[in-house]
Amino acid sequence: SEDFSASTNNPPYTSKGTTSHDVQIYDLVVTYDVSDDLGLWANADYGRLDRSRNTTVVGSPFGASTRTDPRWWGVAGGFSYDINEKVNLAMRGEYFFDDGGSRLYTAFGTTPRSETRLATGTATLSYALTNNLTARLEYRHDHISGQAGDPFPNQRDGCAGSTNVCEDSIDVGIVEVNYQFD
């Protein structure tokens, strides 16, 4: 349970009236090692925010046009496979549903809608250069729907103020080198 009391020390929003809100989050994680080389995992989450109906929320995404007691849920799954002693392939996918804009509103700073959906997919190829040094090549795709404005910058134009040239999806490639200290 979280207490969102009327205070400047409690961002991102404050309440007047009843100041106690019940936040419940349920999380389930399952992992399974198929073999020494292949590991699988899955994750499911469900959350809800129950607020008093006589509460006026100031500076919050929970306006009159949104659900009074929002719910959200998400699922994810993936695997990690050691192709050989030096090469590993890992993939994961995630889907998140936000009813009432209660979770994604603040992150993207847009006007919430009754439903927002976020889907992502990531593939990572790792190569062990030494026992302590690993190089990784990663590709990620994100897609969001249900926002009043698109949150991802257009690669050519960016997000230019009132002329929304943002997009609802983005592709990102990452090259990284990690050193692990003993």
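Right, let's walk through the structure included here. The numbers attached to residues start from 1 for each chain and follow its sequence in the written order. For this predicted model, a pLDDT threshold of at least 70 governs which residues receive local features, and a threshold of 80 or more governs which side-chain atom pairs are given and counted, while totals over whole chains, interfaces and linings are taken from all residues. With hydrogens and water set aside, each side-chain value is computed from the structure's full complement of heavy atoms.

Some remarks on a negative patch on the surface
So, point 1. Residues enter a patch when their relative accessible area is above 30% and they make no salt bridge; the linking distance is 9 Å between like charges and 5 Å between nonpolar side chains (Val, Leu, Ile, Met, Phe, Trp, Tyr). Computed with the Shrake-Rupley method and a 1.4 Å probe, the accessible areas treat only the protein chains shown as cover for residues. Salt bridge, as used here, is a side-chain nitrogen of Lys or Arg placed within 4 Å of a carboxyl oxygen of Asp or Glu. Under the counting rule used here, the positive set is Lys and Arg, the negative set is Asp and Glu, and His together with the chain ends is not counted. Taken as the charge centre is NZ of Lys, CZ of Arg, CG of Asp or CD of Glu, depending on the residue. Taken together, the side chains of Asp33, Asp36, Asp37 and Asp82 define an acidic patch exposed on the protein surface.
So, point 2. Only DSSP runs of H or I covering at least 4 residues are called helices, and only runs of E covering at least 2 are called strands; the numbering of each starts at the N terminus. The residue aspartate 37 is located in the loop between strand S2 (22–33) and strand S3 (38–50) in this model.
So, point 3. Whether a residue is buried, partly exposed or exposed follows from its accessible area with a 1.4 Å probe, protein chains only, as a fraction of its type maximum: under 20%, in between, or over 50%, in that order. According to the relative accessible area criterion, aspartate 37 is partly exposed, its value standing at 40%.

Describing the sheet that holds strand S6 (residues 87–99)
So, point 1. By definition, two strands form a pair when at least two bridges between them are found by DSSP. Read across the open sheet, the seven strands follow the order S2-S3-S5-S6-S7-S8-S9; overall the sheet is antiparallel. With one partner strand each, in any of the chains shown, S2 and strand S9 (169–179) form the two edges of the open sheet. With direction set aside, neighbouring strand axes in the sheet form an average angle of 10°.
So, point 2. Looking at chain direction, strand S8 (residues 133–145) and S9 are connected through eleven bridges and run antiparallel. Considered in S9, the bridge of leucine 133 is made with tyrosine 179. In this description, a line fitted to the C-alpha atoms serves as the axis of each element, helices being fitted only across the stretch in contact, and the angle between N-to-C directions of two axes falls anywhere from 0 to 180 degrees.

Quick look at the side chain of glutamate 138
So, point 1. Topologically, glutamate 138 is positioned in strand S8.
So, point 2. Among buried Asp, Glu, Lys and Arg side chains, glutamate 138 stands out as unpaired, with arginine 92 the closest opposite charge at 4.9 Å.
So, point 3. As used in this structure description, the phrase polar contact means that two N or O atoms lie within 3.5 Å; if the pair is within protein, one of them must be able to donate a hydrogen and the other to accept it, and residues adjacent in sequence are counted only when both atoms belong to side chains. Among the polar contacts listed, one links the side chain of glutamate 138 to the side chain of threonine 124, at a separation of 2.7 Å.
So, point 4. In this structure, glutamate 138 is in contact with Thr122, Ala123, Thr124, Val172, Gly173 and Ile174, ignoring residues within four places of it in sequence. Residue contacts follow a heavy-atom distance rule, with two residues in contact if any of their heavy atoms lie within 4.5 Å.

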